[in-house]
Amino acid sequence: MYPIKRNRRLRTNEVIRSLVRETIISPNDFLVPLFVVEGKGVKDEIPSMPNYYRFSLDMLQKEVKELWSLGLKSVLLFVKIDDKLKDNKGTEAVNPNGLMQRSIKAVKDACPGMLVMTDVALDPFSCYGHDGIVQDGIILNDESSEVLAEMALSHAQAGADFVAPSDMMDGRIVEMRELLEDEGFLNTGIMSYSAKYASAFYGPFRDALDSAPVDQVDVPKDKKTYQMDYANRFEALRETEMDIEEGADIVMVKPGLCYLDIVRDLKNEVDVPIAVYQVSGEYAMLKAASERGWLDHDAVMMEQVTAIKRAGADIIASYFAKDVVKLIS
Ligand code: PBG
């Protein structure tokens with residue numbers, strides 16, 4: 001009868017459980033996505049994302065101050081612009097006085113210590129709602145990468161600490177890295193969305209930014225020619241290794257929960273920090289179920305973010321960041 005193993009000994013009470021707990025969530029784990037719109041005094045709730053908002057610049061400044069006071073020190077910016085400013089090449093994306101460029105400055109003015117990351121992709125600026133330039137029904141790769149590099153440079157010039165290309169064009173990381181180096185932005189980091197899947201979980205986000213692919217002949221209705229097929233596993237490693245070789249400082253898996261196998265694969269194979277994006281649809285599902293009383297919001301939220309970290313995430317981009325930090329403080 002020796003040795004006698006009883007695994008439940010380590011679960012006897014909360015004190016011993018907390019002593020042996022492997023994964024601890026803290027404010028330092030989070031990157032907070034924020035949506036910005038033009039206007040003044042705007043704090044506009046996104047219908048498919050309860051308790052999540054689009055902020056005008058003044059309200060954005062209030063928000064980042066609150067985040068900072070809660071210990072949330074990194075944000076990821078997205079902007080929603082007027083349809084009139086959209087075109088196929090995303091010209092507005094490189095306007096030095098565009099909404100993104102002003103948002104970066106507004107955050108830094110309000111909260112100089114805040115780490116600012118910015119989304120780099122054409123979709124919120126594209127009249128077709130695609131991440132790159134559309135021609136004859138296809139999304140051009142190299143031409144899009146060039147524009148994306150210009151966009152990254154423009155964000156760096158406005159003061160972004162990291163640019164976060166979410167577009168999935170091939171070769172865009174090296175394109176952007178070289179341009180940033182050439183222009184002297186040696187310390188501007190790149191967080192690459194490396195394994196970004198063509199997912200139906202992005203729906204609420206596209207509502208928030210009005211950025212869905214438009215329904216028009218010769219415009220692809222989905223992003224499957226650039227975002228990854230969710231049936232694929234090994235391809236994620238290939239994509240990620242290439243991005244690292246091209247100069248990515250941080251890599252990302254997106255969405256979160258359905259892709260934790262991929263997160264663990266990458267964690268075991270690569271040696272740069274891994275971010276995981278718990279996306280809008282994941283947020284919406286829990287909000288909806290808990291509104292109906294079908295799930296315990298806080299308990300499920302903690303289980304989910306802990307699972308993401310346990311799987312191997314060093315950074316969690318999540319709309320729950322504020323809820324989590326308030327809960328654990
Ligand atoms: C844009 C972008 C998307 C998301 C982040 N950046 C949408 C998309 O690729 O269609 C999704 C984030 C979310 O759903 O929370 N390239």
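Now for a quick tour of the structure. For clarity, every value in this text was computed on a predicted model and none was experimentally measured.

1. Topic: the layout of surface pockets
Next up, step 1: The volume enclosed by the largest pocket comes to roughly 230 Å³.
Next up, step 2: In terms of lining, the largest pocket is formed by 17 residues, of which the most central are Asn-51, Tyr-52, Tyr-53, Glu-63 and Lys-322.
Next up, step 3: For the lining of the largest pocket, the secondary structure elements donating two or more residues are β1 (30–36), β3 (49–55), α2 (57–69) and α11 (321–328).
Next up, step 4: Looking at the lining of the largest pocket residue by residue, the classes come out as nine nonpolar, two polar and six charged.
Next up, step 5: In terms of lining, the second largest pocket is formed by Leu-10, Arg-11, Arg-17, Val-20, Arg-21 and Glu-22.
Next up, step 6: Tallied by class, residues from the lining of the second largest pocket come to two nonpolar, no polar and four charged.

2. A short note on unusual backbone geometry
Next up, step 1: For the peptide bond that leads from Lys-254 to Pro-255, omega is -5°, which places it in the cis range.
Next up, step 2: Locating Pro-255 in the fold gives a position in the loop between β10 (250–254) and α8 (260–269).
Next up, step 3: Located in the positive-phi region is Asp-136, a residue other than glycine, with phi close to 45°.
Next up, step 4: Here Asp-136 shows up in the loop between β6 (134–135) and β7 (138–139).
Next up, step 5: Exposure remark for Asp-136: the relative accessible area of 66% places this residue in the exposed category.

Conventions adopted
- Residues numbered from 1 in each chain as written.
- Predicted model: local features only at pLDDT ≥ 70, side-chain atom pairs only at ≥ 80, totals over all residues.
- Heavy atoms only, no water.
- 1 Å grid on protein atoms, 1.4 Å probe; cavity = no way out; pocket = protein on both sides within 12 Å on 5 of 7 lines; lining within 4 Å.
- Points joined across faces, edges and corners; volume = space filled by probe spheres on them.
- Helix = DSSP H or I, 4+ residues; strand = E, 2+ residues; numbered from the N terminus.
- Nonpolar A, V, L, I, M, F, W, Y, C, P; charged D, E, K, R; others polar.
- Buried < 20%, exposed > 50% of the residue type's maximum accessible area, 1.4 Å probe, protein only.

In short, geometric facts, not functional conclusions.
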